[in-house]
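Single-letter residue listing:
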Amino acid sequence: MRQGRHEAVAIGLAWFSIGLGLAELLMPRAMARATGLPGREALVQLYGAREIATGIALLLSRDKAPAMWARVAGDALDVATLATGEQPRAGAAMAAVGPVVALDLWTAARLQERRSKRLRPVFDYSDRSGFPKPPDEMRGIARRSIPGQRQPATV
Amino acid sequence: MRALCWHGKKDIRCDNVPDPRIEHPRDAIVKVTTCAICGSDLHLFDGFVPGMMHGDIVGHEFMGEVVEVGPENRKLKIGDRVVVPFTICCGECEQCRRGNWSVCERSNRNKAIADKVFGHSTAGLFGYSHLTGGYAGGHAEYVRVPFADVAPVKVPDGLTDEQVLFLGDILPTGWQAAVQCDIEPDDTVAVWGAGPVGQFAVRAALMLGAKQVVAIDRVPERLSMARAGGAVAIDFEEESVLERLGELTGGKGPEKCIDAVGLEAHVGAKHFDSVYDRAKQAFMAESDRPHVLREMMYACRPAGVLSVPGVYGGLVDKIPFGAMMNKGLSLRTGQTHVNRWTGDLLGMIQEGKIDPSFVITHTVDLEDGPAMFETFRDKEDGCVKVVMKP
């Protein structure tokens, strides 16, 4: 079922998050330079820690929607920070994270839809057929009674 | 009298308004005993239908007792119980004489506006904007029924309001949707939208002999109700509609497709085009969200039929008309010619072949109507159909 597919995407994003976080945490100078944020290595390390935390939360949680939204919030923070960076590297970094942001948003929305659906009570209308007999016995009962209705072709 | 009045987007209130009066010798005044919220009323509620004005009385599914009759009305008498079709028909124009009741040429008082918007005016409708005549609707204690010697259906003794109320709109709408599919015994009929019209379309398709009926929705209660009526259910949030339809039809697609959704298709992350449509709506660059039309054109088996009872109001875009043309699909649509079907359907109700009341999930006082618009729209509390008692 598709639920597994969305969760699989979320898990993929979790590993991506952890990888990026480790790079930011362990190579802050290189990452800061590459993203147009020289001199802000401490901030890059902080964001790295955040990435690792959301990644682990995504991997460990059964209901992945809240952690996925946390990733989206982190994306917003990243984009806002990159907007203050040096061009053209910050702009290039922003363009690179764009598709990831879109994927994050899409996955979060899909997981949220399922979550909302799971949480609401479901009413059972399985006895509301409107027919006096089982549906199979009602098949075709009106076929010959409606004027203008085409009849089956006879060979 | 009390009536539900439109005051703007998402703002319907139960107001005190003047009682209606006979304005024409063929009129009748009906004391409403039962009325219902239609899915298309939600388009008014959500502000997608142009031509609404402050204080307009809404509602076009209603029935009741005749309490006053104009001097030229030879059909009705005081005390008659009637279901009033949502289309107002003169019974005399060329279209009415052909049985094309929903495109009566005389009943729309604002014909000039409708001519400009649609090219040609269609019938006047109760409680459905000034584009369709600006007639007061049936979510009220009393209603003035114009041309009341034509459309109202007299109710025989022994039937409850709940059994016959839907003869005025959604039962014949679901029925017409299936009939205009020209169903053959080996057909698969796929119905998008398992709301009340979709439920009746499912049952109509089955009764008209379809080999297989498929209902597509996302609300568990609606899918459960569709299964009860003999349909195979597809939850479009859980599985791919195209893949599942392919599995059910040996990869060929359904021969007949019914759009019982209309202009407010669900907006979900899974269907990118619905998000696109919603964004365009926000900028007033598109009026309707035609996700279902697109999907039907793609899913339908070549030489199949698309039947569209779902209401559309204006402009749509990104319609895959190439698929439509090259696959040789036929498109059949329109507001329902209610009186074309009421005789047969009333007969089937009397014979016990179908009891349309199965669809009712909520019955409330008219006073509680405004809140129920939200409950119905949001599919909360297992809501499939709301009936109101004025």
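Within every chain, residues take consecutive numbers counted from 1 along the sequence as written. As they are written, the chains are lettered A onward and the ligands numbered 1 onward, keeping that order. For this predicted model, a pLDDT threshold of at least 70 governs which residues receive local features, and a threshold of 80 or more governs which side-chain atom pairs are given and counted, while totals over whole chains, interfaces and linings are taken from all residues.

**As for the overall build of chain B**
Secondary structure elements are defined from DSSP: runs of H or I of at least 4 residues count as helices, runs of E of at least 2 residues count as strands, and each element is numbered from the N terminus. Looking only at helices and strands, chain B has 13 helices and 18 strands in total. Computed over the C-alpha atoms, the radius of gyration of chain B is 20 Å, within 12% of the 21 Å expected from 2.2 N^0.38 for a compact globule of 390 residues. Its C-alpha atoms put chain B at 60 × 50 × 45 Å along the principal axes. Two things to know: the radius of gyration comes from C-alpha atoms, and the globule rule equals 2.2 Å times the number of residues to the power 0.38.

**Details of the pairing of strand β2 (residues 12–16) of chain B**
Residues and elements named next belong to chain B. Bridge count between strand β1 (residues 2–6) and β2: five bridges; the pairing is antiparallel. Pairing of Ala3 across the sheet is with Asp15, part of β2. When DSSP finds two or more bridges between two strands, those strands count as paired. Once β1 ends, the chain turns through five residues before running back antiparallel as β2, passing Gly8 with a positive phi of about 140 degrees.

**Considerations on helix α7 (residues 220–228) of chain B**
Helical geometry: 3.6 residues make up each α-helical turn, so side chains three or four residues apart lie on a common side. Residues and elements named next belong to chain B. A large share of α7 lies buried, amounting to seven of its nine residues. Every buried residue belonging to α7 is among Glu221, Arg222, Leu223, Ser224, Met225, Ala226 and Ala228, and all of these are buried. Elements in contact with the buried residues of α7: α6 (196–207), β12 (212–217) and β13 (232–235). Partly exposed residues are those falling between the two cut-offs: more than 12 but fewer than 20 other C-beta atoms within 10 Å of their own, whereas 20 or more means buried and 12 or fewer means exposed, with C-beta atoms placed from the backbone. Contact between two residues is assigned whenever their backbone-derived C-beta positions fall within 7 Å.

**A closer look at the environment of Gly119 of chain B**
Residue and element names in this part refer to chain B. As for its placement among the helices and strands, Gly119 is situated in the loop between α3 (111–118) and β8 (124–125). Taking the C-beta count within 10 Å as the criterion, Gly119 has 7 such neighbours and is therefore assigned exposed. Measuring from C-alpha to C-alpha, the distance between Gly119 and Leu159 comes to 41 Å, with 40 residues separating the pair along the chain.

**Digging into the sheet that holds strand β11 (residues 188–192) of chain B**
Residues and elements named next belong to chain B. Strand order in the open sheet formed by six strands is β13-β12-β11-β14-β15-β16, with parallel pairing between adjacent strands. Edge positions in the sheet fall to β13 and β16 (330–333), since each has one partner strand and no second. Mean inter-strand twist for the sheet, computed between neighbouring axes without regard to direction, equals 20 degrees. Sheet analysis places strand β15 (residues 305–308) next to β16, joined by four bridges and oriented parallel. Across the sheet, the residue bridging to Ser307 is Arg332, located in β16. The sheet contacts of helix α8 (residues 241–248) involve β11, β12 and β13, and relative to β12 the element is tilted by about 170 degrees. In the packing of helix α10 (residues 291–299) onto the sheet, contacts are made with β11, β14 (256–259) and β15, and the angle to β14 comes to roughly 180 degrees. In this analysis, axes come from line fits to C-alpha atoms, helices being fitted only over the stretch in contact, and the angle between any two N-to-C directions falls in the range 0 to 180 degrees.

**What to know about the interface of chain A and chain B**
Taken together, the contact between chain A and chain B spans 31 residues of the former and 32 residues of the latter. With five residues, the top contributor of residues to the side of chain A that touches chain B is helix α5 (residues 89–119) of chain A. Polar here means any residue other than Ala, Val, Leu, Ile, Met, Phe, Trp, Tyr, Cys and Pro, which are nonpolar, and Asp, Glu, Lys and Arg, which are charged; Gly is therefore polar. For the side of chain A that touches chain B, the residue count by class is 14 nonpolar, six polar and 11 charged.

**Section: the nonpolar core**
A set of buried Ala, Val, Leu, Ile, Met, Phe, Trp, Tyr and Cys residues, joined to one another through C-beta atoms within 7 Å, is what we call a nonpolar core. Ranked by size, the top nonpolar core spans 133 residues in total, and within it Ala178, Val191, Ala201 and Ala205 of chain B carry the most contacts. Not counting chain neighbours up to four residues away, the residues in contact with Ala205 of chain B comprise Ala178, Ile183, Val189, Ala210 and Val213 of chain B. Leu58, Ala65, Ala67 and Met68 of chain A belong to the second largest nonpolar core, which has nine residues in total.

**Considerations on the confidence of the model for chain B**
The predictor reports its confidence for every residue as pLDDT, a score running from 0 up to 100. Overall, the prediction assigns chain B a mean pLDDT of 95, with 100% of residues at 70 or greater. We note a pTM of 0.82 for the whole complex and an ipTM of 0.92 for its interfaces.

**Things to note about the sheet that holds β1 of chain B**
All names here are of chain B. Sheet architecture is open: three strands sit in the order β2-β1-β4, paired in antiparallel fashion. Of all the strands in the sheet, just β2 and β4 (56–57) have a single pairing partner and so form its edges. Docked against the sheet, helix α13 (residues 369–377) engages β1 and β2, running at close to 165 degrees with respect to β2.

**So, the packing of helix α4 (residues 65–82) of chain A against α5 of chain A**
Residue and element names in this part refer to chain A. Where α4 contacts α5, the two axes come as close as 9 Å, and the packing angle between them is 160 degrees. As judged from the angle between their axes, α4 and α5 are roughly antiparallel. As α4 runs across α5, the sense of the crossing is left-handed. Contact residues: Ala65, Met68, Trp69, Arg71, Val72, Asp75, Asp78, Val79 and Leu82 in α4; Ala90, Ala93, Met94, Val97, Val101, Asp104, Leu105, Thr107, Ala108, Leu111, Gln112 and Arg115 in α5. Partitioned by chemical class, the residues of the contact of α4 with α5 number 14 nonpolar, two polar and five charged. By definition in this entry, angles of less than 35 degrees are roughly parallel, angles greater than 145 are roughly antiparallel, angles of 65 to 115 are roughly perpendicular, and the rest are oblique. The hand of a helix crossing depends on one turn: near helix anticlockwise from the far one by less than a right angle means left-handed, and clockwise means right-handed.

**A look at the packing of helix α3 (residues 41–60) of chain A against α4 of chain A**
Residue and element names in this part refer to chain A. At a minimum axis separation of 9 Å, α3 and α4 run at an interaxial angle of 160 degrees. Classed by the angle they form, the pair α3 and α4 counts as roughly antiparallel. Our pair here, α3 against α4, has a crossing hand that is left-handed. Residues Tyr47, Arg50, Glu51, Thr54, Ala57 and Leu58 of α3 pack against Ala67, Met68, Ala70, Arg71, Gly74 and Asp78 of α4. Here the residues of the contact of α3 with α4 sort into six nonpolar, two polar and four charged.

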